[in-house]
Amino acid sequence: MIRRWYTALGVNLLLGIPAIVPMLMLWFLLSNWPLADIGLTTRIPNNEQDDSPNAALLFFGPMIAASAVLWWIANRPLARRTQLTAPRYWLLSLASTLIPAVIAISVWP
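Residues numbered from 1 in each chain as written. Predicted model: local features only at pLDDT ≥ 70, side-chain atom pairs only at ≥ 80, totals over all residues. Heavy atoms only, no water.

Q: Which residues make up the packing of aromatic side chains, and what values go with them?
A: Taken as a whole, this structure holds 4 aromatic pairs when the rule is applied. Seen in terms of ring centroids, Y89 and W90 are 5.2 Å apart; in terms of plane orientation they differ by 85 degrees. Their pairing is edge-to-face. Chaining the aromatic ring pairs together yields one cluster made of W71, W72, Y89 and W90. (Phe/Tyr/Trp six-rings, centres within 6.5 Å; stacked < 30°, edge-to-face > 60°.)

Rendered as structure tokens:
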């Protein structure tokens, strides 16, 4: 039925459009907590010095988790039906889901 790689590419490109919001939420969490602690990014400045990501995780966590579960549910049946090997399929799926976010970030004024 679905044997071609471009079906997986198209489905994941479409899934990547609404996934821009959870990806930005994930970046916000990472940039303000673990990545800032090891020096890869700088924290967003504010008045509080002892901020923890618990409040952001409380609000962003369910949406990020729901998006990841929906992405998995959409890709699991496709992975079995394509002729691609499992590592190539999941790499293609992840990369094509990230394409809309990369485009949105690159054209942001």
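Q: Quick one: what's the story with the packing of helix α1 (residues 5-16) against helix α5 (residues 86-107), residue by residue and with numbers?
A: Where α1 meets α5, the closest approach of the two axes is 7 Å, and the angle between their N-to-C directions is 35 degrees. Judged by the sense of rotation from one axis to the other, the crossing of α1 with α5 is right-handed. Only Y89, L92, S93, S96, T97, I99 and P100 of α5 make contact with α1, whose side of the interface consists of W5, A8, L9, N12, L13 and G16. (Axes fitted to C-alpha atoms, helices over the stretch in contact; angles between N-to-C directions. Helix = DSSP H or I, 4+ residues; strand = E, 2+ residues; numbered from the N terminus. Left-handed = near helix turned anticlockwise from the far one by under 90°. Contact = heavy atoms within 4.5 Å.)

Q: Give me the lowdown on the nonpolar core, citing residues and values where you can.
A: Counting 5 residues, the largest nonpolar core is built from A8, L78, A79, Y89 and L92. Sorting the residues of this core by element identifies α4 (54-81) and α5 as the ones contributing at least two each. Apart from residues lying up to four places away in sequence, A8 is in contact with Y89, L92 and S96. (Core = buried A, V, L, I, M, F, W, Y, C linked by side-chain atoms within 4.5 Å. Buried < 20%, exposed > 50% of the residue type's maximum accessible area, 1.4 Å probe, protein only.)

Q: Give me the lowdown on the side chain of N75, citing residues and values where you can.
A: Turning to its location among the elements, N75 is positioned in helix α4. Residue N75 is classed as buried on the basis of its relative accessible area, which comes to 0%. In this structure the side chain of N75 is engaged in a polar contact, spanning 3.5 Å, whose partner is the side chain of S93. Discounting chain neighbours no more than four positions away, the residues touching N75 are N12, L15, Y89, W90 and S93. (Polar contact = N/O pair within 3.5 Å; in protein donor to acceptor, adjacent residues only side chain to side chain.)

Q: Outline α1, supporting the account with residue identities and numerical values.
A: Compared with the 16 Å implied by 1.5 Å per residue over 12 residues, the 17 Å span of α1 between its first and last C-alpha is a close match. Within α1 the residues assigned to the buried category are A8, N12 and G16. One face of α1 carries all of its buried residues, which in axial projection span an arc of 70 degrees. (Expected span 1.5 Å × (residues − 1). Arc of directions from axis to C-beta.)

Q: So, the environment of A104: which residues are in play, and what are the values?
A: Locating A104 in the fold gives a position in helix α5. Along the backbone, A104 and I17 are 87 residues apart, and their C-alpha atoms lie at a distance of 9.3 Å.

Q: Describe α4, and please don't skip the residues or the numbers.
A: Taking 1.5 Å of rise per residue, the 28 residues of α4 would be expected to cover 40 Å, and the 40 Å separating its terminal C-alpha atoms lies within 8% of that figure. Along α4, the sharpest change in direction is near 40 degrees and occurs at F60; proline P62 comes one to four residues later. (Bend = angle between axes of the 7 residues up to and from the residue.)

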